[in-house]
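Working through the structure, step by step
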Amino acid sequence: GGTERELLRYATSDATSFAAVMQALGGVDEESSFLVLNGERSEVRAALDVVAEEVGAALARGERTELIVYYSGHSDEEGLLLGREQILYSTLRDWLDAITADVRVAILASCASGTFTRLKGGKRRDPLRVRESEVRGYAYVTSAAATEAAQESDRLGASFFTHFLISGLLGAADFSRDGVVTLAESYQFAYTETLARTQNTQSGAQHPAYDIQLQGAGQLVLTDLRARDSGFALGDDIAGRVFFNSPNKRTVAELRKVSGENVELSLPVGVYEVFVAYGSQRWSGMFEATPNRRQPIALADLSQLDFEETFARGGPSPRLAGYRSARFDETPSRDAR
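As the structure is a prediction and not an experimental result, all values here were calculated from the model. (Residues numbered from 1 in each chain as written. Predicted model: local features only at pLDDT ≥ 70, side-chain atom pairs only at ≥ 80, totals over all residues. Heavy atoms only, no water.)

1. As for the packing of helix 2 (residues 41-60) against helix 3 (residues 89-97)
In the contact formed by helix 2 and helix 3, the axes pass within 10 Å of each other and the chain directions differ by 20 degrees. Relative to helix 3, helix 2 is oriented roughly parallel. Considering how the two elements wind past one another, helix 2 and helix 3 form a crossing that is right-handed. On the side of helix 2, the interface is formed by Arg41, Val44, Arg45 and Leu48, while helix 3 contributes Thr91, Trp95 and Leu96. When the residues that make up the contact of helix 2 with helix 3 are grouped by side-chain class, the tally is 4 nonpolar, 1 polar and 2 charged. (Axes fitted to C-alpha atoms, helices over the stretch in contact; angles between N-to-C directions. Helix = DSSP H or I, 4+ residues; strand = E, 2+ residues; numbered from the N terminus. Parallel < 35°, antiparallel > 145°, perpendicular 65-115°, else oblique. Left-handed = near helix turned anticlockwise from the far one by under 90°. Contact = heavy atoms within 4.5 Å. Nonpolar A, V, L, I, M, F, W, Y, C, P; charged D, E, K, R; others polar.)

2. With respect to the side chain of threonine 223
By the element assignment, threonine 223 lies in strand 11 (residues 221-224). A polar side-chain atom of threonine 223 sits 2.8 Å from the main-chain carbonyl oxygen of leucine 169. (Polar contact = N/O pair within 3.5 Å; in protein donor to acceptor, adjacent residues only side chain to side chain.)

3. What about the packing of aromatic side chains?
Scanning all chains against the criterion turns up 11 aromatic pairs. With a centroid separation of 4.7 Å and an interplanar angle of 15 degrees, the aromatic rings of phenylalanine 18 and tyrosine 70 are classed as stacked. Of this pair, phenylalanine 18 sits in helix 1 (residues 11-25) while tyrosine 70 is found in strand 1 (residues 66-72), placing the two residues 52 residues apart along the sequence. Judged by its relative accessible area of 14%, tyrosine 70 falls in the buried class. Both rings, one in tyrosine 138 and one in tyrosine 140, keep their centres 4.5 Å apart while their planes meet at 20 degrees; by these two values the pair is stacked. Exposure class is identical for tyrosine 138 and tyrosine 140. Each is buried. Every member of this aromatic cluster is reached through a ring pair, and the members are Tyr89, Phe116, Tyr138 and Tyr140. The ring of phenylalanine 116 carries arginine 93 above its face, with NZ or CZ at 5.1 Å from the centroid. (Phe/Tyr/Trp six-rings, centres within 6.5 Å; stacked < 30°, edge-to-face > 60°. Buried < 20%, exposed > 50% of the residue type's maximum accessible area, 1.4 Å probe, protein only. Lys NZ or Arg CZ within 6 Å of the ring centre and 35° of its normal.)

4. Here we look at the pattern of salt bridges
Evaluated as defined, the whole model comprises 15 salt bridges. Measuring nitrogen to oxygen at the nearest pair gives 3.3 Å for the salt bridge that ties arginine 294 to glutamate 264. With arginine 294 in strand 18 (residues 293-297) and glutamate 264 in strand 15 (residues 263-266), this residue pair connects regions lying 30 residues apart in the sequence. The exposure class of arginine 294 is buried, given its relative accessible area of 19%. Owing to a relative accessible area of 42%, glutamate 264 belongs among the partly exposed residues under this scheme. When salt bridges with common partners are traced through the structure, they connect Glu193, Arg197, Arg241, Glu254 and Arg256 into a single cluster. (Salt bridge = Lys/Arg side-chain N within 4 Å of Asp/Glu carboxyl O.)

5. Overview of the environment of glutamate 6
In this structure, glutamate 6 sits in the segment before helix 1. Using a relative accessible area of 65% as the deciding quantity, one classes glutamate 6 as exposed. Glutamate 6 sits 68 residues away from histidine 74 along the chain, and the two C-alpha atoms are 9.2 Å apart.

6. So, the sheet that holds strand 15
The sheet built from 3 strands is open, its strands ordered 15-12-18 with mixed pairing. Each edge of the open sheet is held by one strand with a lone partner, namely strand 15 and strand 18. Here the strands of the sheet are splayed against their neighbours by 25 degrees on average, with no regard to which way each runs. Bridge count between strand 12 (residues 230-234) and strand 18: 5 bridges; the pairing is parallel. The partner of alanine 233 across the bridge, within strand 18, is proline 296. (Pairing = 2+ DSSP bridges.)

7. A word on the pairing of strand 3 (residues 79-82)
Bridge count between strand 2 (residues 74-75) and strand 3: 2 bridges; the pairing is antiparallel. For serine 75, the partnering residue across the bridge sits in strand 3 and is leucine 80. Counting the residues between successive antiparallel strands, the hairpin from strand 2 to strand 3 contains 3 residues. Bridge count for strand 3 against strand 4 (residues 85-88) is 4 bridges, and the pairing is antiparallel. Counted as the bridge partner of leucine 81 is glutamine 86 from strand 4.

8. A closer look at helix 2
Across its 20 residues, helix 2 extends 29 Å between first and last C-alpha, which sits within 8% of the 28 Å expected from 1.5 Å per residue. Every buried residue of helix 2 is accounted for by Ala47, Leu48, Val51, Val55 and Ala58. Buried residues of helix 2, viewed axially, fall in a sector of 95 degrees; they line one side. Exposed side of helix 2, more than 90 degrees from the buried face: Glu53 and Ala60 are the residues found there. Residues of helix 2 that are buried in the fold lie against strand 1 and helix 3. (Expected span 1.5 Å × (residues − 1). Arc of directions from axis to C-beta.)

9. Observations regarding the environment of glycine 157
Mapped onto the secondary structure, glycine 157 falls in the loop between strand 7 (152-153) and strand 8 (158-159). Under the relative-accessibility criterion, glycine 157 is labelled buried at 14%. A sequence separation of 93 residues divides glycine 157 from arginine 250, and the C-alpha atoms of the two residues are 6.6 Å apart. Those residues within four positions of glycine 157 in sequence are excluded, and the remaining contacts are Tyr10, Ser13, Asp14 and Arg250.

The structure is reproduced here in structure tokens:
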């Protein structure tokens, strides 16, 4: 974003993670995915030009097309900031409008990106609740309002918004429990969780925003959890904030779970630490995601931690640093989600 702006630590990893989820669960094959890391304006435009050609060829064959553009990086009230270059929001809109896909979805995870949704009168709104696959039109989603900063978290190793967007796409946002995550569900989850987790940060509450103009019947599905057979199924006796951490302690997915519900997450094969925080109680356990199985996890499969021992003299342990500020002491409820 220019030499005067702070270097973002997780913009490229956020973009890589989003692309990986869309390839694994979103039906996007590798040939149809374009990943531009630390690119210049000309590289972004070149990628969109290739996409436009492919969309045109697909439409000529009578095929339905859906375009998803994700951006993580610096921006201001006028547009995206790529090094010393800028892409005005109005220019980005023109580029996307010129691509004749049946559906165009743009997700901007950057500061002041809410301006992008206000170009035609849109404004910050409550979580999206509409459920519109034969839809047509556009959907523009931003991680922050026009006057807000988009915040990163060292503990998460990601921006707050992208972390919860991806957690939702992995299954945390499947509120209907039908095995797919729609645009509406993913936005609702990311909105609620991002707002809750940033209320006590130094930069203050961060409000995702959207401008949606979709028409048609059915649902706009972003991910199908059945596309990957490995993962976990959380039992109905588990309640609270649930983390899935990789061996290097990076939080891969996070959700607030309500007692009485069964929640499934589609995760890559590998070993994960599952950590549950409910009120002042903590549980954890190590589990392996294997092919052809959604491994069930019940509360009895977890080891309860001695709460007194999780805090070292002089302050909280690094492993639990920031957990209280993340509102883990609240009792989860359906309304809170």
